[in-house]
Amino acid sequence: MGVTTGGSILVVAGTHGNERNAAWLLEQWQGDAATLNTQGLPLVFERGNPAALQACRRYIDRDLNRSFAPELLSDPAQQDLEVCRARELLARHGPQGAVPAQVVFDLHSTTAAMGNSLVVYGRRAADLALAAGMQQRLGLPIYLHEADGAQTGFLVERWPCGLVVEVGPVPQGVIQATICRQTQLALEAGLEVLAQARAGALTLPRQLAVHRHLGSVDLPRSQGGSPAALLHPALQGADWRPLGLHDAVMLKASGGPICLGEVLPPALAGQARYWPVFVNEAAYDEKGIAFALTRREEWSVHHGWCEALQVQAQGL
Ligand SMILES: [Zn+2]
């Protein structure tokens, strides 16, 4: 991937139109530069999906954060509002865009009780370095999303480096001071990492803790598609807390529990423990996801990660 000197950092808020905390922050940052510590880095701001923000809906035609798949973008017959918006964002700030960005932060919120976390897509060295530096500063958990054929076309994948900041729990459409605060802290930590990388002075911890995505679990459904059970109250709000196969994860209408082992998709079998995330996320009902399961892993930080991020940051 070529590096364009004079590139910038793209900060996107409101990729989902009912996630309004980061969109509110973005207005403040644009209105008064002193409200964000940019570390002197060149930033450009974009409201991800202005039409959906206005309607306070996740999206109009389709999920913008699943609309960046190359086969969608290159299909001239594909004219959904979000695919057109994805093309527009890339034309403005993509690596070959009018004002190219090297790095992107995509700021989201969730109704799940995940606190402040980072989502990294795949294993690009620069992304892992950025996430490791942010984890070192704020202790943020890292959700590594990869190899899920049902979930593709994420925004940050189209830039040389980037990650998602995810903060919750907050209801859709609601702005809360703590959610805004956590979002801003994460972005400022990321900018600090990039400023150090640009100066060639970045040092990373030796270890990185990741929660690697394994797959997701849905509630049992009636023929009409409505849930035939509820999420178990013990799992509600218990994101990141390890689960065994005998732990109750759902509740039947009769009141009886359903254990993880009873609903675990065969492809996810083989682990002694699972770490759930996006538990009962409101936006995922339509995707057939009651919760996602991860595996917690400790990785050694590779020397090459730091170098990969410095290559991107030195183009800023
Ligand atoms: Zn979102």
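Residues numbered from 1 in each chain as written. Predicted model: local features only at pLDDT ≥ 70, side-chain atom pairs only at ≥ 80, totals over all residues.

Re the sheet that holds strand β9 (residues 248–252)
Then, number 1: As summarised here, the arrangement of the three strands in space is β8-β9-β10, forming an open sheet in which the pairing is antiparallel. In the strand order of this sheet, the two ends are held by β8 (229–231) and β10 (257–259), each with one partner. Between one strand axis and the next, the sheet turns by 35 degrees as a mean value, whatever way the strands run.
Then, number 2: For β8 and β9, the ladder comprises three bridges, and the chain directions are antiparallel. Its bridge partner lying in β9, L231 is registered against M250. (Pairing = 2+ DSSP bridges. Helix = DSSP H or I, 4+ residues; strand = E, 2+ residues; numbered from the N terminus. Axes fitted to C-alpha atoms, helices over the stretch in contact; angles between N-to-C directions.)

Points about the nonpolar core
Then, number 1: Of all hydrophobic cores here, the largest spans 87 residues; its most connected members are L118, A129 and L309.
Then, number 2: The element contributing the most residues to this core is helix α6 (residues 177–198), with eight residues.
Then, number 3: When residues are assigned to domains, this core turns out to be shared by domain 1 (8–206 + 301–313) and domain 2 (219–286), each giving three or more. (Core = buried A, V, L, I, M, F, W, Y, C linked by C-beta atoms within 7 Å. Buried ≥ 20, exposed ≤ 12 C-beta atoms within 10 Å, placed from the backbone. Domains from an automatic or database assignment.)

With respect to the packing of helix α5 (residues 125–138) against α6
Then, number 1: Running from N to C, α5 and α6 point in directions that differ by 120 degrees, and their axes come no closer than 9 Å. Taken together, the axes of α5 and α6 are oblique relative to one another. The chirality of how α5 crosses α6 is right-handed. Together, L130, G133, M134, R137 and L138 of α5 and L185, A186, A189, G190, E192 and V193 of α6 make up the contact between the two elements.
Then, number 2: Its residues placed into classes, the contact of α5 with α6 shows seven nonpolar, two polar and two charged. (Parallel < 35°, antiparallel > 145°, perpendicular 65-115°, else oblique. Left-handed = near helix turned anticlockwise from the far one by under 90°. Contact = placed C-beta atoms within 7 Å. Nonpolar A, V, L, I, M, F, W, Y, C, P; charged D, E, K, R; others polar.)

Notes on unusual backbone geometry
Glycine aside, negative phi is the norm for most residues, and most peptide bonds take the trans geometry.
Then, number 1: A cis amide bond links G168 to the next residue, P169, at an omega of 10 degrees.
Then, number 2: Looking at the secondary structure, you find P169 in the loop between β6 (161–168) and α6.
Then, number 3: Although it is not a glycine, C56 adopts a positive phi angle of roughly 50 degrees.
Then, number 4: Of note, C56 is situated in the loop between α2 (50–55) and α3 (70–73).
Then, number 5: Positive phi is not limited to glycine here, since W240 has a value of about 75 degrees.
Then, number 6: Looking at the secondary structure, you find W240 in the loop between β8 and β9.

Quick notes on the environment of Q151
Then, number 1: You can see Q151 is positioned in the loop between β5 (142–145) and β6.
Then, number 2: Overall, the presence of 19 C-beta atoms within 10 Å leaves Q151 in the partly exposed class.
Then, number 3: For the pair Q151 and K287, spaced 136 residues apart in the sequence, the C-alpha separation amounts to 9.4 Å.

Here we look at the domain arrangement of the protein chain
Then, number 1: Splitting the protein chain by domain gives domain 1 (8–206 + 301–313) and domain 2 (219–286).
Then, number 2: If you look at the interface, domain 1 gives nine residues, while domain 2 gives ten residues.
Then, number 3: Split by residue class, the side of domain 1 that touches domain 2 holds five nonpolar, three polar and one charged.

A few points about α6
Then, number 1: Compared with the 32 Å implied by 1.5 Å per residue over 22 residues, the 31 Å span of α6 between its first and last C-alpha is a close match.
Then, number 2: By the burial criterion, the buried members of α6 are I179, Q182, T183, Q184, A186, L187, A189, G190, L191, V193, L194 and A197.
Then, number 3: Immediately beyond the C-terminal end of α6, within one or two residues, lies G200, with a positive phi of roughly 70 degrees. (Expected span 1.5 Å × (residues − 1).)

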